[in-house]
Amino acid sequence: MNTFSAQYETAKNNSIEFMKNGQISAYFEALLEMNKYKRLMLAVIAN
């Protein structure tokens, strides 16, 4: 769970930086990565 949380935060920080730099494609990829880790964290919590 802690690793998912850390990876989620890393993806979140990356997405913010990508948006600031105007890298829209990379921003969307980071959002998808955030969504993946969020779903994994919810799955761990549910079990």
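To keep things clear, this report deals only with the structure shown in the data block. Nothing here was measured: the structure is a model prediction, and the numbers come from that model. (Residues numbered from 1 in each chain as written. Predicted model: local features only at pLDDT ≥ 70, side-chain atom pairs only at ≥ 80, totals over all residues. Heavy atoms only, no water.)

**Overview of the packing of helix α1 (residues 2–21) against helix α2 (residues 24–46)**
Their axes nearest at 8 Å, the elements α1 and α2 cross at an angle of 160 degrees. Put simply, α1 runs roughly antiparallel to α2. Along this stretch, α1 crosses α2, giving a crossing that reads as left-handed. Each of F4, S5, Q7, Y8, A11, K12, S15, F18 and M19 in α1 lies in contact with α2, whose residues at this interface are I24, A26, Y27, A30, L31, E33, M34, Y37, K38, L40, M41 and V44. In the contact of α1 with α2, the residues fall into 15 nonpolar, three polar and three charged. (Axes fitted to C-alpha atoms, helices over the stretch in contact; angles between N-to-C directions. Helix = DSSP H or I, 4+ residues; strand = E, 2+ residues; numbered from the N terminus. Parallel < 35°, antiparallel > 145°, perpendicular 65-115°, else oblique. Left-handed = near helix turned anticlockwise from the far one by under 90°. Contact = heavy atoms within 4.5 Å. Nonpolar A, V, L, I, M, F, W, Y, C, P; charged D, E, K, R; others polar.)

**Remarks on a nonpolar patch on the surface**
Together, M1, L42, V44 and I45 make up an exposed nonpolar region whose accessible area comes to about 380 Å². Under the relative-accessibility criterion, M1 is labelled partly exposed at 43%. (Patch = residues over 30% accessible without salt bridge, like charges linked within 9 Å, V, L, I, M, F, W, Y side chains within 5 Å. Areas by Shrake-Rupley, 256 points an atom, 1.4 Å probe, with all protein chains shown as cover. Salt bridge = Lys/Arg side-chain N within 4 Å of Asp/Glu carboxyl O. Buried < 20%, exposed > 50% of the residue type's maximum accessible area, 1.4 Å probe, protein only.)

**Let's talk about the environment of Y27**
Position of Y27 among the secondary structure elements: in helix α2. Owing to a relative accessible area of 19%, Y27 belongs among the buried residues under this scheme. Once the C-alpha coordinates of Y27 and A11 are considered, the two residues, 16 residues apart in sequence, prove to be 9.5 Å apart. Apart from the residues lying within four places of it in its own chain, the contact partners of Y27 are S15, F18 and M19.

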